[in-house]
Amino acid sequence: MGWDIITLPTILIVDYISGLVSNVFILSVHFHCWLKGETLSSSDLIIVGLAFSSIIYSLVKCSTCIILFYSPGMSSLRPIIYTLCFTSIYSFYSSTWLGTCLCFFFYVKIINFQSRFFSWLKMKIDTLVPWMIFAAEVFSVFNSLLYIFTYLDVNPVNSTDPFFSSQISSCRTTYSFNPSFQIINTFIPILIATVTTSHIIVSLYKHIHRMRQNIGDGDGPSLKVHKRAAFTMFHLLVFYITVYGITVGFVTPQGGVLGWILYILSSLYAFVQSIILILGNNRLLQTCVKILNRLRPKILP
């Protein structure tokens, strides 16, 4: 069972371009609304940050793929490898932390707190969101630089696996993650997202059950908004857990078909995240449906 070496880079590049297009769509929709004078909500700001990080991730990964497969000589240039590696790690960390910020924002907005601190936080969360985004970006940049100067090894590592060339093996070595960085930048965000998402799902279930018992209807307008937010949080959580599993797979040496599967799944990171955000945001979903309806007559005979 073999894979054509020409087929893999094509699949990866298509995946990265798909993620690039979908996230440019998210960014352009919000930018267009801003130009029209519409005010972007706090969740919109976080989504814009996520789209921006994913655009960088897709561009860097696509460039890396082209260099490794089509211009292998450039992979020996340390400045290029360091730059690509830093940007890739930064965009990944940034996306993970901003996704956690989105889950935390929905959590604070939806849950009714008894604690004085959380009640104060609920009132101030909209003004704190820009600072949350700033903190996530600074933290991501700091961790990426620390990783680059501490743990990065750009020396090529040849593989005896017939499915991997020395360039691909070098890519695996360059982009492997130190366990401490995995815990800080992947496990902790996932833990926060798990706690907040679980609490929201349980609270919404209890609230809907009470509403149906009292008035026979558990689907008011505000609840629909909360359900959409819970939908987004749940799918982001499942997505991040999957990505974490893939990352662990890259840390453990893999070869053959399993290695290709890990590469392909990781290449879909930006695209899948953008689809979750589009489905969870009414403005993005409606715009996407309008565009697809306009394109349908041109595509279908």
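Keep in mind that this is a model prediction, so the values were computed, not measured.

### Points about the overall build of the chain
Alright, step 1. When helices and strands are counted, the chain shows 10 helices and zero strands.
Alright, step 2. Listed by position from the N terminus, the elements making up the chain come as α-α-α-α-α-α-α-α-α-α.
Alright, step 3. Residues counted as buried form 45% of the 301 residues belonging to the chain.
Alright, step 4. Long-range pairs, those at least 24 residues apart, make up 80% of the contacts in the chain with a sequence separation of at least 6.
Alright, step 5. For the chain, the computed accessible surface area is about 15,600 Å², with 70% contributed by carbon and sulfur atoms.

### Brief notes about the packing of helix α2 (residues 42-70) against helix α4 (residues 116-150)
Alright, step 1. Where α2 meets α4, the closest approach of the two axes is 9 Å, and the angle between their N-to-C directions is 15°. In terms of orientation, α2 and α4 fall into the roughly parallel class. Judged by the sense of rotation from one axis to the other, the crossing of α2 with α4 is right-handed. Residues Ser42, Leu45, Ile46 and Ser53 of α2 form the contact with α4, whose own contacting residues are Asp126, Val129, Ile133 and Glu137.

### A word on the packing of aromatic side chains
Alright, step 1. Taken as a whole, this structure holds 13 aromatic pairs when the rule is applied.
Alright, step 2. Their ring planes at 50° and their centres at 6.3 Å tell us that phenylalanine 92 and tyrosine 93 sit as a pair that is tilted.
Alright, step 3. Relative accessible area serves as the criterion here: at 8%, phenylalanine 92 is assigned to the buried category.
Alright, step 4. Residue class for tyrosine 93 comes out buried when judged on its relative accessible area of 1%.
Alright, step 5. Three or more aromatic residues joined by ring pairs make a cluster, and in this case those are Tyr57, Phe92, Tyr93, Phe239, Tyr240 and Tyr269.

Rules of the game
- Residues numbered from 1 in each chain as written.
- Predicted model: local features only at pLDDT ≥ 70, side-chain atom pairs only at ≥ 80, totals over all residues.
- Heavy atoms only, no water.
- Helix = DSSP H or I, 4+ residues; strand = E, 2+ residues; numbered from the N terminus.
- Buried < 20%, exposed > 50% of the residue type's maximum accessible area, 1.4 Å probe, protein only.
- Contact = heavy atoms within 4.5 Å.
- Areas by Shrake-Rupley, 256 points an atom, 1.4 Å probe, with all protein chains shown as cover.
- Axes fitted to C-alpha atoms, helices over the stretch in contact; angles between N-to-C directions.
- Parallel < 35°, antiparallel > 145°, perpendicular 65-115°, else oblique.
- Left-handed = near helix turned anticlockwise from the far one by under 90°.
- Phe/Tyr/Trp six-rings, centres within 6.5 Å; stacked < 30°, edge-to-face > 60°.

The values are spatial; any link to function lies outside them.
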